[in-house]
Amino acid sequence: MPTGLTKDAGWNVGVSRTFPCPLDDVWDAVVSPEGVAVWLGAGALLEDGASYETDDGTVGVVRSLRANNRVRLTWQPVDWSHDSTVQVAVSSSGGRTVLRFHQERLASAAERERQRTHWSQVMDLIAETLDRGQ
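## A look at the pattern of salt bridges
Pairing is possible between side chains that carry opposite charge, provided their charged atoms lie close to one another.
At step 1: This structure, assessed with the given rule, holds five salt bridges.
At step 2: Where arginine 105 meets aspartate 83, a salt bridge forms, and the shortest distance between an N and an O atom there is 3.1 Å. Of this pair, arginine 105 sits in strand β7 (residues 96–106) while aspartate 83 is found in the loop between β5 (70–75) and β6 (84–93), placing the two residues 22 residues apart along the sequence.
At step 3: Using a relative accessible area of 40% as the deciding quantity, one classes arginine 105 as partly exposed.
At step 4: Note that arginine 112 and glutamate 113 form a salt bridge whose closest N and O atoms lie 3.0 Å from each other.
At step 5: By relative accessible area, glutamate 113 is classed as partly exposed at 39%.
At step 6: A single network of salt bridges, built from pairs that share partners, joins Arg112, Glu113 and Arg116.

Basis of the calculations
- Residues numbered from 1 in each chain as written.
- Predicted model: local features only at pLDDT ≥ 70, side-chain atom pairs only at ≥ 80, totals over all residues.
- Heavy atoms only, no water.
- Salt bridge = Lys/Arg side-chain N within 4 Å of Asp/Glu carboxyl O.
- Helix = DSSP H or I, 4+ residues; strand = E, 2+ residues; numbered from the N terminus.
- Buried < 20%, exposed > 50% of the residue type's maximum accessible area, 1.4 Å probe, protein only.

In structure tokens, the structure reads:
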């Protein structure tokens, strides 16, 4: 089976980065209104069980929101014919925090590569936010 293709979840991609910051700082950078705008889109609000729509028309439902742990939601940009599932998770060890974005149910290898680029850019923007001290 090709890299990134699973029997159950279709094409998927994951991107992670370790930050030399406390978990609370990374979590806040992800779930603050400014952070949500970076990775999900401006206009979206994260509420457990609630639907959301971003200013650019991306829609979905927040399936799970566990403070200082993870967010799991469906994600469908306006130009996609299908939704996907995105999970954002944080974990810490020794004063460092790992941030992970994982997306599954992608339509193709090409879509997987586009999303890999997208999530890598999101990580760069979050790193900039953390460097500025939010």
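On we go.
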